[in-house]
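Listed below, chain by chain, are the residues.
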Amino acid sequence: MQAGYVYVPYSSLESVIEHSKENYYLALRQTQQSIRSDAQNWQPWLMFFMHALQQQKRRLAAKVEREKGALAVLSELAVEILDYVRDHGRVTTRDMVRKTGASPNTLKTTFGGLVKKGLLVRHGGGRSIWYGLP
């Protein structure tokens, strides 16, 4: 893993707006009322948008802090797996046996721990199991 880099799933501005629909529509209506006049007032919409961005930043910062804590206790092998899946989109036990030389049993345990922590999602079954990011 690169120094200082922490993988965190994205933070959605759409989600922030969804949680404040009333304010969204109020700001939109207030701005639309003046749009065709000589005294256009963009302030309600711009203020809503700036507050939404601020809220998204707060959510993402909290998420990054939680992830830092989770990643701090991961083994070197677990971090290597997360790096691989981030770079390739998916990973299998066979990929990591080739890359690291770790035993399949060790990898199975490590993958299971990453799934339990919500850092990976398991797909498929049997010999076709692969893991991806949530």
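Above this text sits the structure in question.
Reading guide: rules and limits
- Residues numbered from 1 in each chain as written.
- Predicted model: local features only at pLDDT ≥ 70, side-chain atom pairs only at ≥ 80, totals over all residues.
- Heavy atoms only, no water.
- 1 Å grid on protein atoms, 1.4 Å probe; cavity = no way out; pocket = protein on both sides within 12 Å on 5 of 7 lines; lining within 4 Å.
- Points joined across faces, edges and corners; volume = space filled by probe spheres on them.
- Helix = DSSP H or I, 4+ residues; strand = E, 2+ residues; numbered from the N terminus.
- Phe/Tyr/Trp six-rings, centres within 6.5 Å; stacked < 30°, edge-to-face > 60°.
- Lys NZ or Arg CZ within 6 Å of the ring centre and 35° of its normal.
- Core = buried A, V, L, I, M, F, W, Y, C linked by side-chain atoms within 4.5 Å.
- Buried < 20%, exposed > 50% of the residue type's maximum accessible area, 1.4 Å probe, protein only.
- Contact = heavy atoms within 4.5 Å.

Student: Kindly report on the layout of surface pockets, identifying the contributing residues and their values.
Tutor: Quantified by volume, the largest pocket comes out at close to 380 Å³. Taken together, 13 residues line the largest pocket, and the ones lying closest to its centre are Thr93, Arg94, Gly126, Arg127 and Ile129. If you list the elements that add at least two residues to the lining of the largest pocket, you get helix H5 (93–100) and helix H6 (104–116). For the lining of the largest pocket, the element with the most residues is H6, which contributes five residues.

Student: So what about the packing of aromatic side chains? Which residues, and what values?
Tutor: With the rule as written, the count across this model stands at six aromatic pairs. Aromatic side chains Tyr24 and Trp45 sit 5.5 Å apart centroid to centroid with 75° between the ring planes, which places their arrangement in the edge-to-face category. Within this pair, whereas Tyr24 is found in helix H2 (residues 21–34), its partner Trp45 is found in helix H3 (residues 43–72), the two being separated by 21 residues in sequence. Judged by centre distance (5.8 Å) and plane angle (25°), the rings of Trp45 and Phe48 are stacked. Of this pair, Trp45 and Phe48 both sit in helix H3, three residues apart, which is roughly one turn of that helix. An aromatic cluster is present here, built from Tyr24, Tyr25, Trp45, Phe48 and Phe49 joined pairwise through their rings. If you follow Arg90 out to its NZ or CZ, it ends over the ring of Trp130, 3.9 Å from the centre.

Student: I'd like a rundown of the nonpolar core, residues and numbers included.
Tutor: Core analysis: the biggest nonpolar cluster contains 18 residues, and Ile81, Val91, Phe111, Leu114 and Leu120 have the highest contact counts within it. Secondary structure elements with two or more residues in this core: helix H4 (76–88) and H6. Excluding residues within four positions of it along the chain, Phe111 makes contact with Ile81, Val91, Thr92, Thr93, Met96, Leu120 and Tyr131.

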